[in-house]
Amino acid sequence: MSIPERVLTFALDGEIFAIDAQAVREILEVPAITRVPGAPGFASGLINVRGAIVPLTDLAVAFGMAHADHGEDTRVIVIEAEVEGEPTTIGLVADKVLDVAAMEGVPVEEAPPVGMRWRADFIRAIARPQGQFVILPDLELIFAESLATATRQERAA
Amino acid sequence: MSEDDPVAAFRVEAAELLDSVEAALLDLAGDSTNTGLVDEVFRGLHTLKGSGAMFGFEALARFTHHCETAFDRVRKGHAEASQALIGVVLSARDHMQALIDVGTQGDPMLEMAGEAILSSLEKAVANSEGMAIPRAMPTERKGWHISFKLPPGSMANGTNPLPLLDELRGLGDCLITPRLDEVPPLASLVPTECYIYWDIVIEGDVTCEDIEDVFIFVIDDMDLAITPLIEEPESDEPVEVLPVATVLAAPQPVAKAAPPAQESVRVAAERLDELMNRVGELVIAQSRLAQLAASVGPVNELTLRAVSEDIERLSAELRDTTMAMRMMPVGNLFGRFRRLVHDLARETGKTIELVTHGEATEVDKTVIERLADPMIHLIRNSCDHGLETADDRVASGKSATGRLTLSARQAGGEVLIAITDDGRGIDRERVRAKAEAQGLIQPGAILGDGELFQMIFHPGFSTAAAITNLSGRGVGMDVVKRSIESLRGTIDIASTPGMGTTMTLHLPLTLAIIECMLVRVGEGRYAIPLSVVEECIELPAAEVTSTARRNFLDVRGELVPYLRLRDTFGTDYPADLFQKVVIVGQGRGRVGLVVDQIIGNTQTVIKSLSRFHAGQGSFSGATILGDGNVALILDVGNLIVAAQKNQRLLGERAGEVA
């Protein structure tokens, strides 16, 4: 289980998530979103990030959380990630961006297989800085899973 | 250039040499007495050997030497350029490519393979000896013999021998031999001195003054001897002159080292000049705009509009010029298939003649690159499955030689590339039987030829089993179709039993920028490629309220099915009172798309969708509009298929109810 050195933490439906700060390219205020008809809820829109067309994804959908309306603090975190081996720029919706934190000395646990509302395999680890509860999502798996679902839907259609 | 990797430069040069050798060999196969072609092959091999040795490709030099010797015999009339010899040298050419790819280290496995080729080469030469045709040697030689040596210290004074040599080469065909015997051992070599002197044989209509002009700035203190060439008697060994050419390669790579092949495009100089002019104008327009922006007080609207119009015109021109630079003639692509067809003919034992038309048709560079693989597959198919063996052909009253035609032409915004064979044609019944067995079509369903043949593009629909008993190779036809579609192209098949098959690829001229019609559906804006839009009409009032029972429009007596994009895209934004229908057509399909509003035409730069949305089907890409928002580009081909499927479903459901 590899834990990034520095993480960016953000809030989503009352929970705190952390992603590798290395992967983050920039943080934007919510731009105009173009809905893609028929696209899965997890990646339902497209945004223009300085001339590049970037899919906008919502971890809240992947984790089956309540989908909050975009508010004053809502931001889009633009990250670089590998999707099926292809380097891809992706936008993530966050209710609020919190902090960039060092992970050194922070206790990290594996996600317990039971006792959670979410799919355990979507969570790479849970960090406990100062007794808080911070989720490190397995973005690669979540992206791969969402693509697989999209393909299945397409087949069915 | 000097900081470039010399080995990379050699590879580029070698690739060009091998290409020209291959082309000459293939031409020679059809015209074995053409001495010009024999010379060309010989020269290519010769230069390759020389520069290979220079850059440390020892194995390549040794191997090439044998092929060169073989062709030297052909040149001198001791042996004949037989088909067997050409075949061996072609495979030797591939071996040379492999030797170059391996690099200077060498590879024992390759060496062994090389030995095998060399022994068959020897056999081929031995067999063709004696059958040789005496060849006529060039009798007239006009030109000069020049030898020159720069004075000591001239390099330090800024004299560079390379431009001088280049200039001489510009005058006529040159054989340049650097004389290296005065080069001292490394320890005593002064790097700023030029120790090399040159012997040059220049052929062509050149006067002594022309040559002296070249040396005009250095002629005073240099050693320069210019003597007219004496006509050489026939029987003399002209080879005496030719080895000189080996060394010719030595100064060359330094003088004109080309950038690595994969990343370079040859662009006509005038196109570059044009581009430069536009950029210059753009800079001026920009500074006018900057001045306006910096000016105090209200901006004069007219001035602003003038600047805006200028920039609009310039960016359109810049776009066109830049696009033109990306265009390449399809001849480059067709050239690659000559070898393929030659090899296929040998593998299958058929005689195949390759005919090409319209090589000058220009297509975007990316399209050409991505077209090679699918076309190789289609050509293989035609040669393997389409064309019959010579005996079968004669039996069915055709000429024994099968003919494969590649043709290209431009039609509107599309380029059509057709692969035609005059073989047996596609067996309709077998395709139908297979399609029915796989449940792709209903038994007894009435299908047009075009629709039926599209079945062979279905994944898992083995063309081999469907059409002949020969085994299929490599990628399937579904992969071919997908790669053509990824270029926003389509494939049409036409086939006449016993007469042959034509596969036509419809490809867009360019991938990057297209004209689009911008429409609004609900609150979303979408772009439809203008090349497929046929007309726009208003949705008749009677249709507005009708349920999705009978989605047909009567357009001047023709029934056109239509799709309500509002339903397709599931929008709940209130509909416009007067909806419009954009009638689009591609291939045989014609369909109306009902939209809320037609916004207008726009130029769009196509951006591909990420993996998350690429499988969506309804969209082929996205673009950024003037206001910075993203608009999706409709994939009309897919929408038509969806509409037709929908219509069939509706029809079947209606049948069940009744």
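Bear in mind that the values here come from a model prediction, so they are computed numbers and not experimental data.

## Some words on the overall build of chain A
Line of reasoning, step 1. On a plain count of helices and strands, chain A comes out with two helices and twelve strands.
Line of reasoning, step 2. The order of α-helices and β-strands along chain A, N terminus first, is β-β-β-β-β-β-α-β-β-β-β-β-β-α.
Line of reasoning, step 3. A total of 157 residues make up chain A; the buried ones form 32% of that total.
Line of reasoning, step 4. For chain A, long-range pairs separated by at least 24 residues make up 55% of all intrachain contacts whose partners lie at least 6 apart in sequence.

## Points about the packing of helix 3 (residues 58-75) of chain B against helix 4 (residues 83-102) of chain B
All names here are of chain B.
Line of reasoning, step 1. Contact geometry of helix 3 with helix 4 gives a least axis separation of 10 Å together with a crossing angle of 165°. Overall, the two elements helix 3 and helix 4 adopt an arrangement that is roughly antiparallel. Classified by chirality, the crossing of helix 4 by helix 3 is left-handed. On helix 4, the residues that touch Ala 59, Leu 60, Phe 63, Thr 64, Cys 67 and Ala 70 of helix 3 are Leu 85, Val 89, Ala 92, His 95, Met 96, Leu 99 and Ile 100.
Line of reasoning, step 2. Among the residues forming the contact of helix 3 with helix 4, the class breakdown is eleven nonpolar, two polar and no charged.

## Notes on the sheet that holds strand 2 (residues 173-179) of chain B
Residue and element names in this part refer to chain B.
Line of reasoning, step 1. Spatially, four strands are ordered 2-3-1-4 in an open sheet, and the strand pairing comes out antiparallel. Strands at the two margins of the open sheet, each flanked by one partner only, are strand 2 and strand 4 (223-228). Between one strand axis and the next, the sheet turns by 15° as a mean value, whatever way the strands run.
Line of reasoning, step 2. The pairing of strand 2 with strand 3 (residues 197-203) spans seven bridges and is classified as antiparallel. By the bridge assignment, Ile 176 is partnered in strand 3 with Ile 200.

## Overview of the nonpolar core
Line of reasoning, step 1. Ranked by internal contacts, the top residues of the largest apolar core, which has 72 residues, are Ala18(A), Ile528(B), Val582(B) and Leu593(B).
Line of reasoning, step 2. In terms of residue count, the dominant contributor to this core is strand 12 (residues 513-521) of chain B (six residues).
Line of reasoning, step 3. With 38 residues, the next largest nonpolar core counts Leu48(B), Leu60(B), Ala61(B) and Ala92(B) among its residues.

## A closer look at unusual backbone geometry
Residues and elements named next belong to chain A.
Line of reasoning, step 1. One non-glycine residue with positive phi stands out, namely Asp 13, at about 50°.
Line of reasoning, step 2. Inspection of the secondary structure assignment puts Asp 13 in the loop between strand 1 (6-12) and strand 2 (15-20).
Line of reasoning, step 3. Notably, Arg 50 is not glycine yet its phi reads approximately 40°, a positive angle.
Line of reasoning, step 4. Structurally, the position occupied by Arg 50 is in the loop between strand 5 (45-49) and strand 6 (52-57).
Line of reasoning, step 5. For Arg 50, a count of 10 C-beta atoms within 10 Å puts it in the exposed group.

## Describing the UniProt feature "modified residue: Phosphohistidine" (unreviewed entry) in chain B
Line of reasoning, step 1. If you check UniProt for "modified residue: Phosphohistidine" (unreviewed entry), the listed places come out as His46(B) in our numbering.
Line of reasoning, step 2. Mapped onto the elements of the fold, His46(B) is located in helix 2 (residues 35-54).

## Here we look at the environment of Glu122(B)
All names here are of chain B.
Line of reasoning, step 1. Tracing the backbone through its elements, the reader meets Glu 122 in helix 5 (residues 108-128).
Line of reasoning, step 2. What makes Glu 122 partly exposed here is the crowd of 14 C-beta atoms within 10 Å.
Line of reasoning, step 3. Distance from Glu 122 to Val 88, taken between C-alpha atoms, is 9.6 Å for residues 34 residues apart in sequence.

## A look at the sheet that holds strand 7 (residues 75-83) of chain A
Residues and elements named next belong to chain A.
Line of reasoning, step 1. With mixed pairing, the six strands of this open sheet are ordered in space as 3-7-8-6-5-4. The sheet is open, and its two borders are formed by strand 3 (24-29) and strand 4 (34-35), each paired with just one other strand.
Line of reasoning, step 2. Examined bridge by bridge, strand 6 and strand 8 (residues 86-94) share two bridges and lie parallel to one another. Its bridge partner being in strand 8, Thr 57 is matched across the sheet by Leu 92.

## So, helix 6 (residues 161-171) of chain B
Residues and elements named next belong to chain B.
Line of reasoning, step 1. Among the residues of helix 6, Pro 161, Leu 165 and Leu 168 are the ones counted as buried. One face of helix 6 carries all of its buried residues, which in axial projection span an arc of 60°. For helix 6, the exposed residues set more than 90 degrees away from the buried face come down to Leu 162, Pro 163 and Gly 170.

## Quick look at helix 1 (residues 6-30) of chain B
Line of reasoning, step 1. Across its 25 residues, helix 1 of chain B extends 37 Å between first and last C-alpha, which sits within 8% of the 36 Å expected from 1.5 Å per residue.
Line of reasoning, step 2. Where helix 1 of chain B is concerned, the buried positions are Ala9(B), Phe10(B), Glu13(B), Ala14(B), Leu17(B), Val21(B), Glu22(B), Ala24(B), Leu25(B) and Leu28(B).

## A look at the confidence of the model for chain B
Line of reasoning, step 1. Of the residues in chain B, 83% reach a pLDDT of 70 or more, and the chain-wide mean stands at 77.
Line of reasoning, step 2. Segment residues 231-261 of chain B: pLDDT under 50, and 54 contacts once partners within four positions in sequence are set aside and those in other chains are kept.

## Examining the interface of chain B and chain A
Line of reasoning, step 1. Across the contact, 19 residues belong to chain B and 23 residues belong to chain A.
Line of reasoning, step 2. At the level of secondary structure, the elements contributing two or more residues to the side of chain B that touches chain A comprise helix 21 (611-614), strand 20 (619-624) and strand 21 (630-634) of chain B.
Line of reasoning, step 3. By residue class, the composition of the side of chain B that touches chain A is seven nonpolar, ten polar and two charged.

Reading the values: rules and limits
Residues numbered from 1 in each chain as written. Chains lettered and ligands numbered in written order. Predicted model: local features only at pLDDT ≥ 70, side-chain atom pairs only at ≥ 80, totals over all residues. Helix = DSSP H or I, 4+ residues; strand = E, 2+ residues; numbered from the N terminus. Buried ≥ 20, exposed ≤ 12 C-beta atoms within 10 Å, placed from the backbone. Contact = placed C-beta atoms within 7 Å. Axes fitted to C-alpha atoms, helices over the stretch in contact; angles between N-to-C directions. Parallel < 35°, antiparallel > 145°, perpendicular 65-115°, else oblique. Left-handed = near helix turned anticlockwise from the far one by under 90°. Nonpolar A, V, L, I, M, F, W, Y, C, P; charged D, E, K, R; others polar. Pairing = 2+ DSSP bridges. Core = buried A, V, L, I, M, F, W, Y, C linked by C-beta atoms within 7 Å. UniProt positions renumbered as here; feature names shortened; annotations may be inferred. Arc of directions from axis to C-beta. Expected span 1.5 Å × (residues − 1). pLDDT = per-residue confidence, 0-100.

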